[in-house]
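Chain by chain, the residues:
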Amino acid sequence: MKNVVTAKVSPYAIDFDGCTFCYKGASRPSLRDISLKIPLGQCVVVTGQSGCGKTTLTRLVNALIPLMYEGDLQGEVRVAGKPVSAWTMGELSAHVGSVFQNPRSQFVNLDVTSEIAFGCENFGIDREEMVERVEQAASTLGIESLLGRGTEALSGGQKQSVILASAYAMRPDIFVLDEPTASLDVHAMRNLARTVALLKSQGKTVLISEHRLWWLDGIADRYVVLGDGSVVGDWAAADFLALPFETRTDMGLRAASLAEIDSVVAVSPLGDADSSTASRLPSCEKSIVRMSGVVAGYRGAPEVLKGLDFGLVPGRIVGIVGHNGAGKTTFARCMAGLLKEKAGVIEVDDVPLRAKKRAGRVYLVMQEPGYQLFSSTVDDELASACSPDGAEDGLGKR
């Protein structure tokens, strides 16, 4: 009873009190003596270089540590004034809505509508209200067109938006978002920005782990910078933005506003880079990879690639761009032989190759790197990739 009373009167949504955490088997802690108090209704952005501890921090709030990730935790984390360890998982999941960096790991249904409704179903919300929540969440995130579609055919960005909608439909008091824009295009990022602003207006608390900062300009109340697992800076939004741009870049941070992005582009015009790079390109224009009339897609869904023609010339760096769902990942998977084309021809060095034969000739780094890691240590992973029989064992597909 004491915990319940404390939770009602606490002015803090989240309270990290001297938290140090070391993953099981790790040689050093991922977090070191973290003490942060996040008031109710505040939008806090946790940023810093890769590996600084951002994701680990978010896992403490939703109890993924220690439930899913074992290790040694010192200190205490409190949600609404109550220690996380004192919450049941059902209570905590209703109070804290989580969006992971890898959205695919959160999917439990085969269609979008069921996925958004899943949390509401688990808590016994009546059907009429559940339908209303699903429609409202899809509308808020701008994904009405995805309702009823199969989740297998969604792009990474579309999956991210669906998981956001699923969390939104639950209407928790606290939202924890771990790099929510990792797979989003600019249009989807703007939708997310409007959603976070709406959550703030509703008095919700939002904790965001993020590298990209510009979309949070005018929304974030506070920026916390981590370095090597420790808090190296904690600023109100106005104070953070007032820091010299060079000071923030020295901490490994990205531009915090569109104005800063524009200033960087103005200093380093792309035209100069293009002309200098072009002068170093080889004169050979013969394609090393050629795709002719390629049709590809997923079971039970319309084709994603529709008669695509493409040639890749040696020595060139080519960017494949487009909105979420445009077919970028399907294009890459098909070229690398991880997805079999339904029609068309793909040649490597002028030789038509079936999908299985392209694996090991065309290498792909996936959007979700966890699917390409097979060993328990970095040393073993690199050793297996470099082994003479790596391609025969299927490692060449990486």
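Since the structure is predicted, the reported quantities are computational estimates derived from the model, not experimental observations.

A. Expanded view of the side chain of His-95. Within the fold, His-95 resides in helix H4 (residues 89-95). Once you skip the residues sitting within four places of it in the chain, His-95 turns out to touch Val-79, Ala-80, Trp-87, Pro-172, Asp-173 and Ile-174.

B. Structural detail: the sheet that holds strand E3 (residues 43-47). Here six strands make up an open sheet; going across it, the order is E6-E7-E8-E3-E9-E10 and the pairing mixed. Edge positions in the open sheet fall to strand E6 (96-99) and strand E10 (230-236), since each of these has one partner strand only. On average, each strand axis in the sheet is tilted by 15° relative to the strand beside it, whichever way the strands run. In this structure, strand E9 (residues 222-227) lies alongside E10, joined through six bridges in antiparallel fashion. Looking at E10, one finds that Leu-226 is bridged to Val-231. Helix H7 (residues 156-170) rests against E6 and strand E7 (174-178) of the sheet, and its axis sits at about 175° to E6.

C. Spotlight on the nonpolar core. Residues Ile-116, Val-196 and Trp-215 are the most contacted members of the largest nonpolar core, which totals 48 residues. For this core, the element with the highest residue contribution is H7, accounting for seven residues. When near neighbours in sequence (up to four residues on either side) are disregarded, Val-196 contacts Cys-43, Leu-177, Val-206, Ile-208, Trp-215 and Ile-219. Ala-13, Tyr-23, Leu-60 and Val-84 belong to the second-largest nonpolar core, a separate cluster that totals 30 residues.

D. Fine view of helix H2 (residues 54-61). Among the eight residues that make up H2, eight are buried, leaving the element largely enclosed by the rest of the structure. Among the residues of H2, those classed as buried are Lys-54, Thr-55, Thr-56, Leu-57, Thr-58, Arg-59, Leu-60 and Val-61. Once H2 ends, the next one or two residues include Ala-63, with phi positive near 70°.

E. Looking closely at a nonpolar patch on the surface. A cluster of nonpolar residues, Leu-67, Met-68, Tyr-69 and Met-89, forms a patch on the protein surface that exposes about 410 Å² of accessible area. Tracing the chain through its elements places Tyr-69 in the loop between helix H3 (64-67) and strand E4 (71-79). Taking relative accessible area as the criterion, Tyr-69 reaches 32% and is therefore assigned partly exposed.

F. Spotlight on a negative patch on the surface. Taken together, the side chains of Asp-126, Glu-128, Glu-132 and Glu-135 make up a negatively charged region of the molecular surface. If you trace the backbone, Asp-126 turns up in the loop between helix H5 (112-122) and helix H6 (127-141). With a relative accessible area of 45%, Asp-126 lands in the partly exposed category.

G. Spotlight on the packing of aromatic side chains. Going through the model one piece at a time under the given rule, you end up with five aromatic pairs. On the numbers, 4.2 Å between centres and 15° between planes, the contact of Tyr-223 with Phe-240 is stacked. With Tyr-223 in strand E9 and Phe-240 in helix H9 (residues 237-242), this pair connects stretches of sequence that are 17 residues apart. Take Tyr-223 and Phe-240: they sit in the same class, and that class is buried. Residue classification places Phe-240 among the buried residues on the basis of a relative accessible area of 0%. Three or more aromatic residues link up through ring pairs in this structure, and these residues are Phe-21, Tyr-23 and Tyr-69. A cation sits over an aromatic face here: Arg-59 above Tyr-69, 3.8 Å from the ring centre. One cation-aromatic arrangement involves Lys-82 over Trp-87; the distance from NZ or CZ to the ring centre is 4.7 Å.

H. Focus on the packing of H6 against H7. Here H6 crosses H7 at 130°, and the two axes come no closer than 9 Å. With respect to each other, H6 and H7 are oriented oblique. Here the hand of the crossing between H6 and H7 comes out right-handed. From H6, Arg-133, Gln-136, Ala-137, Thr-140 and Leu-141 reach across to H7, where they touch Ser-161, Leu-164, Ala-165, Tyr-168, Ala-169 and Met-170. Of the residues belonging to the contact of H6 with H7, the class tally is seven nonpolar, three polar and one charged.

I. Just the side chain of Asp-178, in detail. You can see Asp-178 is positioned in strand E7. Asp-178 has contacts with Thr-55, Thr-58, Val-99, Phe-100, Gln-101 and Ser-209, leaving out every residue within four places of it along the chain.

J. A positive patch on the surface, seen in detail. Taken together, the side chains of Lys-340, Arg-354, Lys-356 and Lys-357 make up a positively charged region of the molecular surface. When you line up the elements, Arg-354 lands in the loop between strand E14 (351-352) and helix H14 (355-358). Judged by relative accessible area, Arg-354 falls into the exposed class, the value being 56%.

K. A look at the environment of Glu-121. Within the secondary structure layout, Glu-121 lies in helix H5. Separated by 49 residues in the primary sequence, Glu-121 and Met-170 place their C-alpha atoms 9.7 Å from one another.

L. Broad picture of the confidence of the model for the protein chain. Mean pLDDT for the protein chain: 87, with 90% of residues reaching 70 or above. Contacts from residues 1-7, a stretch scored under 50 in pLDDT, to residues over four places away or in other chains number eight contacts. The low-confidence segment residues 391-398, where pLDDT is below 50, has 20 contacts with residues more than four positions distant or belonging to other chains.

Conventions used here
Numbers given to residues run from 1 along each chain, matching the order in which its sequence is written. A pLDDT threshold of at least 70 governs which residues receive local features in this predicted model, and a stricter bar of 80 or more applies before side-chain atom pairs are shown or counted, although totals over entire chains, interfaces and linings include all residues. Neither water nor hydrogens contribute to the side-chain values; these are computed over all heavy atoms in the structure. Helix and strand definitions follow DSSP, with helices as H or I runs of at least four residues and strands as E runs of at least two, each counted in order from the N terminus. Contacts between residues were defined by any pair of non-hydrogen atoms, one from each residue, lying within 4.5 Å. Paired strands, as defined in this entry, are two strands with at least two bridges between them according to DSSP. Helix axes are fitted to C-alpha atoms over the stretch in contact, other axes to C-alpha atoms as well, and angles between N-to-C directions run from 0 to 180 degrees. Only buried Ala, Val, Leu, Ile, Met, Phe, Trp, Tyr and Cys residues count toward a nonpolar core, and they belong to the same one when joined by side-chain atoms within 4.5 Å. We call a residue buried when its accessible area falls under 20% of the maximum for its residue type, exposed when it is over 50%, and partly exposed in between, using a 1.4 Å probe and counting protein chains only. A patch consists of residues exposed above 30% relative accessible area that lack any salt bridge, with like charges linked at up to 9 Å and nonpolar side chains (Val, Leu, Ile, Met, Phe, Trp, Tyr) linked at up to 5 Å. Exposure was quantified through the Shrake-Rupley algorithm and a 1.4 Å probe, taking into account, for residues, occlusion by the shown protein chains and nothing else. The salt bridge criterion pairs a side-chain nitrogen of Lys or Arg with a carboxyl oxygen of Asp or Glu, the two atoms within 4 Å. The charge count treats Lys and Arg as positive and Asp and Glu as negative. His and the chain ends do not count. To locate a charge, the coordinates of NZ of Lys, CZ of Arg, CG of Asp or CD of Glu are taken. Aromatic contacts are taken between Phe, Tyr and Trp rings whose centres are within 6.5 Å, Trp giving its six-membered ring; a plane angle under 30 degrees counts as stacked, one over 60 as edge-to-face, and the others as tilted. Geometrically, a charge over a ring is one whose NZ (Lys) or CZ (Arg) sits within 6 Å of the ring centre while staying within 35 degrees of the ring normal. Should an angle lie under 35 degrees it is considered roughly parallel, over 145 roughly antiparallel, and from 65 to 115 roughly perpendicular; all remaining angles are considered oblique. Note: crossing handedness is left-handed where the near helix turns anticlockwise from the far helix by less than a right angle, and right-handed where it turns clockwise. Basically, the charged four are Asp, Glu, Lys and Arg, the nonpolar ten are Ala, Val, Leu, Ile, Met, Phe, Trp, Tyr, Cys and Pro, and anything else, Gly included, counts as polar. Per-residue confidence from the predictor is reported as pLDDT, which spans 0 to 100.

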